[in-house]
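Structural description and commentary
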Amino acid sequence: MANVKTKSKNRANIGLVIALCIVSACFIVTSILWLTNISKVSDMGLTIENVYERNFYDLVDNVNNTEVKLSKVLASSQDSYSRKLLGEISKNTNSASYNLSNLPISLNGIDETKKFINQISGFTGTLCDKIDRGQALTQAELDTLEDIYDSVVLLKNQLSEFNDKYISQGFNIFVNGNLLDGDYNNFTLKIQGIKGSDVEYPTMIYDGPFADGQYNKEIKGLSGSLVSVDYAKQTIKDLYQVDDKNVTYKTETQGKFDTFDFEVKLKDENTNLYVQVTKTAGKFLTISGFGEKKTRKMGLMDAISKAKQIASKQTGVNFDCVWSDVVSNDAYINLAPVVNKVVLYPDLIKVKIDLASGEMIGYSATSFYTNHTSRNLPNAEFDKSTADSKIPNGFTVEMSRLCLAPIEYGEEKLCYEYKCLKNDTTYYIYINATNGTTENILRVVETNDGNKLM
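Now for a quick tour of the structure.

1. Looking at the overall build of the chain
A count of helices and strands for the chain gives 10 helices and 17 strands. Within the chain, buried positions represent 45% of all 454 residues. Per element, the accessible surface of the chain, about 23600 Å² overall, is 50% carbon and sulfur.

2. Here's the deal with the pairing of strand β8 (residues 330-336)
Within β8, 7 of the 7 residues are buried, leaving the element largely enclosed by the surrounding structure. Here β8 shows two buried faces, one formed by Asp330, Tyr332, Asn334 and Ala336 and the other by Ala331, Ile333 and Leu335. The pairing of strand β7 (residues 320-327) with β8 spans 7 bridges and is antiparallel. Its bridge partner lying in β8, Cys321 is registered against Leu335.

3. Details of unusual backbone geometry
The backbone of Ala281 sits at a positive phi, close to 75°, despite the residue not being glycine. Residue Asn340 is not a glycine yet carries a positive backbone phi of 50°. Structurally, Asn340 is set in the loop between β9 (338-339) and β10 (342-344). Look at Asn340 and you get exposed, because its relative accessible area is 70%.

4. Observations concerning the environment of Val277
By secondary structure assignment, the location of Val277 is in strand β5 (residues 272-278). Spatially, the C-alpha atom of Val277 lies 9.6 Å from that of Val227, the residues being 50 residues apart in sequence. If we ignore the near neighbours within four places in the chain, the residues touching Val277 are Ala232, Thr235, Ile236, Asp258, Thr259, Phe260, Phe262, Gly282, Lys283 and Phe284.

5. Regarding the packing of aromatic side chains
Throughout the structure, instances matching the rule amount to 7 aromatic pairs. Relative to Phe368, the ring of Phe319 has its centre 5.7 Å away and its plane inclined at 55°; by these criteria the two rings are tilted. Taken together, the residues span a long stretch of sequence, with Phe319 in the loop between α8 (300-315) and β7 and Phe368 in helix α9 (residues 366-371) at a distance of 49 residues. Judged by centre distance (5.3 Å) and plane angle (75°), the rings of Phe395 and Tyr427 are edge-to-face. In this pair, Phe395 is assigned in the loop between α10 (384-388) and β13 (396-406) and Tyr427 in strand β15 (residues 425-432), connecting sequence segments 32 residues apart. This pair shows no difference in class: Phe395 is buried, exactly as Tyr427 is. Pairwise contacts between aromatic rings join Tyr249, Phe260 and Phe262 into one cluster. One cation-aromatic arrangement involves Lys384 over Tyr416; the distance from NZ or CZ to the ring centre is 6.0 Å.

Cut-offs and rules
- Residues numbered from 1 in each chain as written.
- Predicted model: local features only at pLDDT ≥ 70, side-chain atom pairs only at ≥ 80, totals over all residues.
- Heavy atoms only, no water.
- Helix = DSSP H or I, 4+ residues; strand = E, 2+ residues; numbered from the N terminus.
- Buried < 20%, exposed > 50% of the residue type's maximum accessible area, 1.4 Å probe, protein only.
- Areas by Shrake-Rupley, 256 points an atom, 1.4 Å probe, with all protein chains shown as cover.
- Pairing = 2+ DSSP bridges.
- Contact = heavy atoms within 4.5 Å.
- Phe/Tyr/Trp six-rings, centres within 6.5 Å; stacked < 30°, edge-to-face > 60°.
- Lys NZ or Arg CZ within 6 Å of the ring centre and 35° of its normal.

Spelled out as structure tokens, the structure:
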């Protein structure tokens, strides 16, 4: 009888253990499922947040592009060029409206802003159609564009402030944007501030000119025999006056230009460069690196002189400085050949000089070796004084000269280049020297990294 009780008790204990195991297993499975769901929710939240942030930054980008292109329209006296810009503005603002629609925003909170953006798209599209019909823009329409421009500038600045205050500080749109407060959510309440009381909605570019000029597919300016790695290495040692141990061959690049690629350590041991030397003729193609920011020892004019000397020795061509800028202790210098007083922008070489060490730490001759060739330049048949009259009122011309400008699809056109000032902003306006059409307008934009052209 005792044995029966013992067996019965043992069975009960085993049953209890099995039951506990089952419960534990269920708990573990439930926990795994719960954690998996949490992970999925977290992943989903991260994905949605990425979509929201992408749309916000695209919104900022589209508004910035709208502002730049509107300023160019107001600087243009050529309807065909204005038509091109107005079409691009209509697309930018249409995209901006799409970006707004893909953010978690209560429409009641930003209806005026969204309406304003849609009005710009519609208005500029209508002006495009008008120009297509052969009709010129009226002064009233230009005045409206001026009002729109002023409002877009404020909108751009407020978007930038919003980004600095919230987005760049870790504000999570997905988490905070969906917390409703009556008819508004948190994100709406914050972005609604972009439409400040000072915005009155109207009723309805280190680069220098052509620094990233159009490149032809055919390489025109580079010919000669193939060189060895040792030859390429020696050219670097000669330029920087360094020992063999300071120049390390890393790899070779096969592409539009075939190059030997090196890492270079300069004498001060604090500056590393990445240098590409063409296999054909052994010429410097690109150099990139950063200098140590010590006390400046070289002035801009000396840097320009050094840049011209290096570029001329490399190419056998004389250059003029056509653009320069200084940021921190670095001088950015754009060089171009000048033939019969015509600046050849397609043959540009860009140089960066460290003013502390006096060394060249940046170089790009891709445009030069792609485009450089002997040219029969056309005559400037369009009268210069007539071209002068095409500069809109309110623009002060600081400089003008002839240039060969790279235009779309690899074309090169002889132009009068005008450096102009309006409202403390610098513009470069290009009037075709053959037929008087406006070929391009560039605006200098001040950034933390120096002045750029857009």
